[in-house]
Amino acid sequence: MSERGRAAGTVEAVFREEWGRLLATLVGWLHDLDLAEEVAADAIATAVERWPVDGVPDHPAAWLLTTARRRAVDRLRRRQTYAAKLAILKVEAERAGTGGPAAPEPFGDDRLRLFFTCCHPALTAEARVALTLRYLAGLSTTEVARAFLVPETTMAQRLTRAKRKIREARIPYRVPGPAELPARLPAVLRVIYVVFTEAYAASRGPTLTRPELAEEAIRLGRILHQLLPDDREATGLLALMLLVDARRAARTDPAGNLVLLADQDRSRWDRSSIQEGVRLVERALPGGRPGPYALQAAIAALHDEADSLAATDWPQIVSLYDLLQAVAPSPVVALNRAVAVGMASGPAAGLVLLDELAADPALARYHLYHAARAGLLERLGQRDQAAAAYRRALALVGNEPERALLTRQLAAVVAAPPGRTR
Amino acid sequence: MRYLLLIYSEEPASPPSPEVMDAVMAEWVAFDSAIRGSGTYVSGEALQPTQTATTVRLKGEERIVTDGPFAETREVLGGYYTIDVPDLDTALDWAAKCPGAKYGSMEVRPVMVFDPPPQ
């Protein structure tokens, strides 16, 4: 690799690692997300130009911050507005207080404030996800657009509109106080989890998993956990993502076909992710009623620790779903609980619960509800009804790998000799 | 920064009973004195029902006057407060405390600020 190429690689690594922290510091100082973004990008561009010539500085992050600050003052001077003049006065006063911009002082971590601004309830759910990926994960607008399968211009407009709202409505740049935090944190966790689930089960299109997006979600989860180490739900969310993502390699076969949990090669599960996830679950569960992420992580941990589907602690999973149903009831939780009951107490017991859920309109349109019913009917030897349920699931499924799996399952139930049960 | 807290609610088809009316009025009086005493209050008015509203438009030179509000919506503007607070979170806190949030909805809008011309 050439010297220039190596320096560019360093810039890339520093950029990925430091972008969120750099941006958060600049926003705290400038109170202007657009200006912070412009000068951070400027500093990166300068680094790309200068580092191959001058060498990589000893404190790359501090160098970037100093450069970005100088650019900010230049830009504010050019603006010539009353507000800009006030900002310069403020900036210079602060600089005098910190011993000048040349000092490579280690800078603090303002990312928690940036999380709460990007995930503010006054922004749309879509905008929160886009802002968090752009400003905390450091993805480019193009990458964010690709992640959500929307045109780049649409994503650019979404970001611009959201930034305008932050600026004009003065959405504050602060961590909510202890009284507000319990009400505000779920929105932040939700954004990270949306990124993760989007990576995991793309609702349409040819691919099922997009590993790089899952990795971004886990990275964001790690940052949040590091910023709020004592928060049990932030811990639970990171655990959940690690424990689900640990099965990624076994979830598809070499041809790209989806492999069900029952048929996965468990030796391909990522042991280090499982160990880390389990350690985190152990910290997220105790200390009063666990939250929904900690409970889902505990369920994922029981799956991950079992040697086979049959050896899984299904009764324990059913009790965890009972707790989950109490803290965060939803039709999908009820569906998963019914499936677990089907494993713990037999397919007939599971089927009774699933049939009780049939009236729920959301589940009636959900392909996995019909697939779960088909599986239980198949185990009971009711092949015609199982085939009908697979057909209904096929009519509702959106992505290709799941469609292919359901097609194979339907073919198997139709072709099986009479009386065959699984 | 100044925010307008716009109070929207459905206009009742029939007047509420005197007991209900008294209880609701007591809530409004309590909120009104709290916000006026908080140091954030700039102004505020309650409006007469929309049956008293008149809409005016100019089509070229012609003045067109019609009875009622411009838009026919379920929830109508019933009043407002203007407050001066540091940020949106503080404005949202006041909006949530207002009885209007319970009996209808509150729209919180920042007031536009114009830079003075350069000297």
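The structure reproduced in this document is the subject of the present report.

Criteria and thresholds
- Residues numbered from 1 in each chain as written.
- Chains lettered and ligands numbered in written order.
- Predicted model: local features only at pLDDT ≥ 70, side-chain atom pairs only at ≥ 80, totals over all residues.
- Heavy atoms only, no water.
- Helix = DSSP H or I, 4+ residues; strand = E, 2+ residues; numbered from the N terminus.
- Expected span 1.5 Å × (residues − 1).
- Buried < 20%, exposed > 50% of the residue type's maximum accessible area, 1.4 Å probe, protein only.
- Contact = heavy atoms within 4.5 Å.
- Buried area = accessible area lost by both parts, 1.4 Å probe.
- Salt bridge = Lys/Arg side-chain N within 4 Å of Asp/Glu carboxyl O.
- Pairing = 2+ DSSP bridges.

**Things to note about helix α10 (residues 211–227) of chain A**
In step 1: In this model α10 of chain A runs 24 Å from its N-terminal to its C-terminal C-alpha over 17 residues, within 8% of the 24 Å that 1.5 Å per residue would give.
In step 2: Looking at α10 of chain A, one finds that the buried residues are Leu 213, Ala 214, Glu 216, Ala 217, Ile 218, Leu 220, Gly 221, Ile 223, Leu 224 and His 225 of chain A.

**Considerations on the interface of chain B and chain A**
In step 1: Opposite the 10 residues of chain B that make contact, chain A presents 13 residues.
In step 2: For the chain B face of the interface with chain A, the top three residues by lost area are Met 1, Leu 88 and Asp 89 of chain B, together amounting to 47%.
In step 3: Here chain B is connected to chain A by 2 salt bridges.
In step 4: A salt bridge links Arg 174 of chain A to Asp 89 of chain B, with the shortest nitrogen-to-oxygen separation between them at 2.8 Å.

**Examining the pattern of salt bridges**
Residues and elements named next belong to chain A.
In step 1: Tallied over the full model, the rule gives 26 salt bridges over all chains.
In step 2: The partner of Glu 38 in a salt bridge is Arg 75, with the nearest N and O atoms 2.5 Å apart. Of this pair, Glu 38 sits in helix α2 (residues 33–54) while Arg 75 sits in helix α3 (residues 60–79), and the two are 37 residues apart along the sequence.
In step 3: In this structure, the salt-bridge partner of Glu 400 is Arg 403, at a minimum N-O distance of 3.5 Å. One end of the pair, Glu 400, and the other, Arg 403, are both in helix α20 (residues 400–415), 3 residues apart, so they sit about a helical turn from each other.
In step 4: Among the residues examined, Arg 403 registers a relative accessible area of 29% and is labelled partly exposed.

**Focus on the pairing of strand β4 (residues 62–67) of chain B**
In step 1: Within β4 of chain B, only 0 of the 6 residues are buried, which leaves it mostly out in the open.
In step 2: Taking the residues that link successive antiparallel strands as the turn, the strand β3 (residues 54–59) of chain B-β4 of chain B hairpin has 2 residues, and the phi of Gly 60 of chain B there is positive, at about 65°.

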